[in-house]
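Remarks on the overall topology
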Amino acid sequence: MAVEQDYGAGKLKLPISGVFRIVMPYVKSLFLEQLRGIWFIVLYLILFQVVLLKLPIVYSVMIGVGVCVILVGLMMFMEGLRLGLMPFSEAIGTHLPRRAPLPLMLLFAFLLGGLATFAEPAIEVLKRAGSSLKPDDAPLLYSILNDFANQLVACVGTGVGLAVMLGLLRFLYGWSLKILITPTVLGLLAMTCWMHSVDALKPVLGLAWDCGAVTTGPVTVPLVLALGIGVSRMVARDDAGGQGFGIVTLASLFPIVAVMCLGLFHYLADDYIGRPNYKPSAVIAAASESVAEEAAEEDLEAQAEDEYRLDAFTKGDLDYATSEGKIRGRYTLEYDGGDWVLEDGVIKRRGASLVYRKKAASFVATEGKKSWDSSLTVGSQIWDAFLTSARAIPPLIGFLLLTLLLLRQRLPHADEISVGIGFAIVGMMLFTLGLAFGLTPLGGQLGSNIPAAFTRISPWNLGGFQGPLYDAVTGKIVAIVFGFFLGYGATLAEPALNALGATVEKITTGAFRKSLLMQAVAIGVGSGIALGVTMIAYNLPLAWLLVPPYLILIVLTWMSNEQFVNFGWDSAGVTTGPITVPLVLAMGLGIGGNITGVVGGFGILSLASVGPIISVLIVGMVVRKTSGVQEDDLQADRGLGHAA
């Protein structure tokens, strides 16, 4: 097909087929990049449920469509960030130190952090998490996720905004990350120990610590890093590449403080559900409806248990035996009464009754399995996804554009940025839609069914009963091992980890290899998720599992050099990608909802964040001792210490 050229206008005109041939390889590479990051997780979850838990996938067609929509949405969203949002932030970071006084710079940093948080896809997942909670189990946690959901998001955004402000000051004055981390973490641990001692506040701990992982997603991290790199270039730090790290760490710690303070405020105000100062609202009706639905479900389960008794035959089994001449299911055969006699060399039992006893076995009514959830209407979900995207992306774009205008700077590559903004809006809408139809049902379904490995459950949206498939100890070990490999495989598939590994290898001049960093982070995340599953399976307090590792981290931080501290602590941010966070959050809530005594199921993300920091710092110390760059790193440390 020939290419036409308009010599008068000086523009090249291509037919649609020509444009298609040029664009398709580019789109294909972007799509395959997202596919590499998600295929392992989805396949692993499906195989675990089908092969090990011996349960079918409910809503399989809907989940398949949802995963495909996620791939397209994430592809467009990430490319929109690269083309439309990151150039904004880096351009502002370059011109802000020259054109604006320090107070204005800090205000911009605060607003950027807050608005970026509102645009995080995982925030919507967090807001929906309250729907599965029961008000009587954790009244304060229930109210925070339902009555005060907007306050929760505002607190998280405020925490990120303050973190970006502090990170900007660190870039400007060369402060060591160690002196910022230490008091913050020690303060968090002190608050954690105190809140653990208060029954109403204890369930809020998991939510607060998980919020630190939710904030460091695909919107916040690139924007604040672009801002930090731009500022670092302008202040001409010798270690500009290393100084770009650290801000993600602060953006994950400060929201934890903010959510803890929110819980403390409403605890002292005594205004959450069931308390004297609680103001009745629409949530009362929702809670009542939820209780009614739960009672109805329990009645159905009781009826199902009568119909599918695990330890006794029913009238239906007798009718089947009468008509077919055989017993269905597993059973044992016994003799009742009669006399033993010897006839013609054969021992017989005369006058005995044959007794068939049913073996206690699982029975799952797979004929009730559906391929699509009729309660999720496509039209309403598309509209909700559009509203979510419209509330998140345009305000952030408007703020960045206004800042650029105030700095009297032209918008660089306006046409390219406009296309990127369009991609970001449509991509976030599709991604949110895909979460509702694909990843959230898959994660919640698997999480609800995992306890079948060690206890008896009613399978997710299926009749009958399943489990325990193994004895209590073996079943819990199976669930814990599943958590480890989920975290390990999902982390290695994160594109952000590849980028971090390449950057770290470059900064350390090859001493800390990319493959070594990726393995250290993946093992840390896998161990953290395994520990989180252990916490829920054995109903262990989160504080017991968080305080010791963070105390160890403080020691490791001061034993490590500044560079390794920077990217070691930031490595936790790359593990909380747009796929991992919603999936692990839904899975944790699903597991917690099927184990007696467990409230919520929050906390797995927080443990998945602390694991890689420990592993990277330990490997970093080994690398320092075995490489030839140790002395250079120590000199960099001393320089940063003087600057601080």
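Residues numbered from 1 in each chain as written. Predicted model: local features only at pLDDT ≥ 70, side-chain atom pairs only at ≥ 80, totals over all residues. Heavy atoms only, no water.

Turning to the overall build of the protein chain, a few remarks are in order. Each helix and strand counted, the protein chain has 23 helices and 8 strands in total. Among the 644 residues that make up the protein chain, the fraction classed as buried is 52%. Across the protein chain, the fraction of contacts at a sequence separation of at least 24, relative to all contacts at a separation of at least 6, is 79%. Taken as a whole, the protein chain presents about 28,500 Å² of accessible surface, with 63% of it coming from carbon and sulfur. (Helix = DSSP H or I, 4+ residues; strand = E, 2+ residues; numbered from the N terminus. Buried < 20%, exposed > 50% of the residue type's maximum accessible area, 1.4 Å probe, protein only. Contact = heavy atoms within 4.5 Å. Areas by Shrake-Rupley, 256 points an atom, 1.4 Å probe, with all protein chains shown as cover.)

Residues of the protein chain with pLDDT of at least 70 account for 85%, and the chain-wide mean is 81. Within the model, the stretch residues 283–288 combines pLDDT values under 50 with 8 contacts to residues more than four positions away or in other chains. Note that residues 629–644 has pLDDT below 50 and, in this model, 25 contacts with residues that lie over four places away or in other chains. (pLDDT = per-residue confidence, 0-100.)

One can find Ala390 in helix H14 (residues 378–406). A relative accessible area of 30% means that Ala390 is categorised as partly exposed. As for Ala390 and Val426, which are separated by 36 residues in sequence, their C-alpha atoms are 9.4 Å apart.

Another aspect to go through is the packing of aromatic side chains. Two numbers describe a pair of aromatic rings. These are the distance of the centres and the angle of the planes. Summed over the entire model, instances satisfying the criterion amount to 16 aromatic pairs. Ring plane angle 40° and centroid distance 6.4 Å describe the contact between Tyr550 and Trp569, whose orientation is recorded as tilted. On the criterion of sequence distance, the pair formed by Tyr550 in helix H19 (residues 542–559) and Trp569 in helix H20 (residues 562–575) is long-range, its members being 19 residues apart. Of the residues examined, Tyr550 reaches a relative accessible area of 5% and is grouped as buried. Given a relative accessible area of 3%, Trp569 falls into the buried group. Among the aromatic residues, those joined into a ring-pair cluster are Trp39, Phe40, Tyr44, Phe48 and Phe482. Just above the ring of Tyr538 sits the side chain of Lys476; from NZ or CZ to the centre is 4.1 Å. (Phe/Tyr/Trp six-rings, centres within 6.5 Å; stacked < 30°, edge-to-face > 60°. Lys NZ or Arg CZ within 6 Å of the ring centre and 35° of its normal.)

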